[in-house]
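Here's the letter readout for the chains.
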Amino acid sequence: MDTSGKILVTGAKGFVGARVMAHFPDAVAFPSEILRASSPEKGVIEYVKRVQPAAIIHTAAISDIGECEKDPDASFLANVILPDALNKAAMEEKIKILMFSSDQVYTGMKEEGPYSDEEPLPEPTNTYARHKLMSEKRTLDKNPDCVHLRATWMYDMPMYNHKNRMNFLTLALKAAQTGFPMDASENSFRAVTYVRQVAENLDKMLLAPGGAYNYGSTNDLNMYETTLAFFEILGLKEKAHALVRKTAAEGNLWMTKEKLNRIGVSFDTTVKGFERVIRDYALKV
């Protein structure tokens, strides 16, 4: 497909959406009032017809796990009904649509991992993840060309302070500045990914065959080792162990990337990503 035209982006002021907007010079922000309607389908379809984008990148969501547990109806509307409407609009206009899913869809797995995006999944353990997996299935059943990105935990420095929750980078920098350690488990494996690279790889994902893709960095370290590595790269090797409180919590979200690699999409490892973000922002404590 031609990706040189306008890219329509939902959640344009969110953590991911803001970086997507910055990456695509002709990106258009989808009006939030249309997305938040209790019955969004008509407004979504009419807006897409009017704008005539080259593609849609859907980043908007209620992604706070606790918030989704407290209000599952709001989660269902944002994380299932809205993607359905956007998918229908994309099909009607015959344009590509990319949707951000989450590594949380693997929370129902009993094995240690890493987990493949080419296997059926059991029901996840939280409402947010259940709705994300439901959305994947519903949209792909109707539109096999739809792409879902099962994104890892992502990090960056804040762009909109009033909108950004804490992420791995800001938590680690807070620990480095205050001396109060952050928790990290030696029994948990997952990747964390620099969100700028998430946005940069979307050009290739717009050309990808439909389906669900594990999307982000690779990481063979447990989260305790990962956090130590960040502090060491930051130049705090002697203080690193004092800045990380080891826990035994379990909860792997460790994913394979073979399917992503087959279409020519690659990410830095989590540790290499740390080196890049520290260099990009000239971070030091």
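Small disclaimer: the values here were computed from a predicted structure and weren't measured. Starting from 1, residues in each chain are numbered consecutively following that chain's sequence as written. For this predicted model, a pLDDT threshold of at least 70 governs which residues receive local features, and a threshold of 80 or more governs which side-chain atom pairs are given and counted, while totals over whole chains, interfaces and linings are taken from all residues. For the side-chain quantities, the full set of heavy atoms in the structure was used; hydrogens and water were omitted.

### Topic: unusual backbone geometry
Okay, step 1: Along the chain, G113 connects to P114 via a cis peptide bond; the corresponding omega equals 5 degrees.
Okay, step 2: Looking at the element boundaries, P114 is found in the loop between β4 (96–102) and α6 (127–142).
Okay, step 3: Phi is positive for K94, which is not a glycine, with a value near 55 degrees.
Okay, step 4: Burial status follows relative accessibility: with a 1.4 Å probe on protein chains alone, a residue under 20% of its type maximum counts as buried, one over 50% as exposed, and anything between as partly exposed. A relative accessible area of 75% places K94 in the exposed class. To qualify as a helix, a DSSP run of H or I must reach at least 4 residues; to qualify as a strand, a run of E must reach at least 2; elements of each kind are numbered from the N terminus.

### Thoughts on the side chain of Q197
Okay, step 1: Along the polypeptide, Q197 turns up in helix α8 (residues 195–200).
Okay, step 2: Should any heavy atoms of two residues lie within 4.5 Å, those residues are considered in contact. Filtering out sequence-adjacent residues up to four positions away, Q197 remains in contact with S266, F267, D268 and R276.

### Things to note about the packing of helix α3 (residues 41–51) against helix α5 (residues 72–93)
Okay, step 1: Each axis is a line fitted through C-alpha atoms, taken for helices only over the stretch in contact, and angles between the N-to-C directions span 0 to 180 degrees. Put simply, α3 and α5 touch, their axes get as near as 9 Å, and they point 35 degrees apart. The two elements α3 and α5 cross, and the hand of that crossing is right-handed. On α5, the residues touching E41, V44, I45, V48 and K49 of α3 are L82, A85, L86, K88, A89, E92 and E93.
Okay, step 2: Taken together, the residues of the contact of α3 with α5 sort by class into 7 nonpolar, no polar and 5 charged. Should the near helix be turned anticlockwise from the far one by less than a right angle, the crossing is left-handed, and should it be turned clockwise, the crossing is right-handed. For this classification, Asp, Glu, Lys and Arg are treated as charged, while Ala, Val, Leu, Ile, Met, Phe, Trp, Tyr, Cys and Pro are nonpolar and the rest, including Gly, are polar.

### Focus on the sheet that holds β4
Okay, step 1: As summarised here, the arrangement of the 6 strands in space is β2-β1-β3-β4-β5-β9, forming an open sheet in which the pairing is parallel. The open sheet has two edge strands, β2 (28–29) and β9 (211–215), and neither has a second partner.
Okay, step 2: Two strands qualify as a pair provided DSSP detects at least 2 bridges between them. Taken together, the 2 bridges between strand β1 (residues 7–10) and β2 define a ladder with parallel strand orientation. If you follow L8 over to β2, its bridge partner there is V28.
Okay, step 3: Across the sheet, helix α1 (residues 15–23) touches β1, β2, β3 (55–58) and β4, and the angle it forms with β1 is around 160 degrees.

### A few points about the pattern of salt bridges
Okay, step 1: Each reported salt bridge corresponds to a side-chain nitrogen of Lys or Arg within 4 Å of a carboxyl oxygen of Asp or Glu. Applying the stated criterion across every chain yields a total of 16 salt bridges.
Okay, step 2: Between K88 and E41 there is a salt bridge, with the nearest N and O atoms lying 2.9 Å from each other. Highlighted residues: K88 in helix α5 and E41 in helix α3, separated in sequence by 47 residues.
Okay, step 3: Residue class for K88 comes out partly exposed when judged on its relative accessible area of 31%.
Okay, step 4: For E41, a relative accessible area of 36% puts it in the partly exposed group.
Okay, step 5: For the salt bridge of K246 with E186, the shortest nitrogen-to-oxygen distance reads 3.7 Å. Of this pair, K246 sits in strand β10 (residues 244–250) while E186 sits in strand β7 (residues 182–187); the two residues are 60 residues apart in sequence, bridging distant segments of the chain.
Okay, step 6: Taking relative accessible area as the criterion, E186 reaches 34% and is therefore assigned partly exposed.
Okay, step 7: Here the salt bridges share partners, and the residues they tie into one network are R196, E200, R276 and D280.

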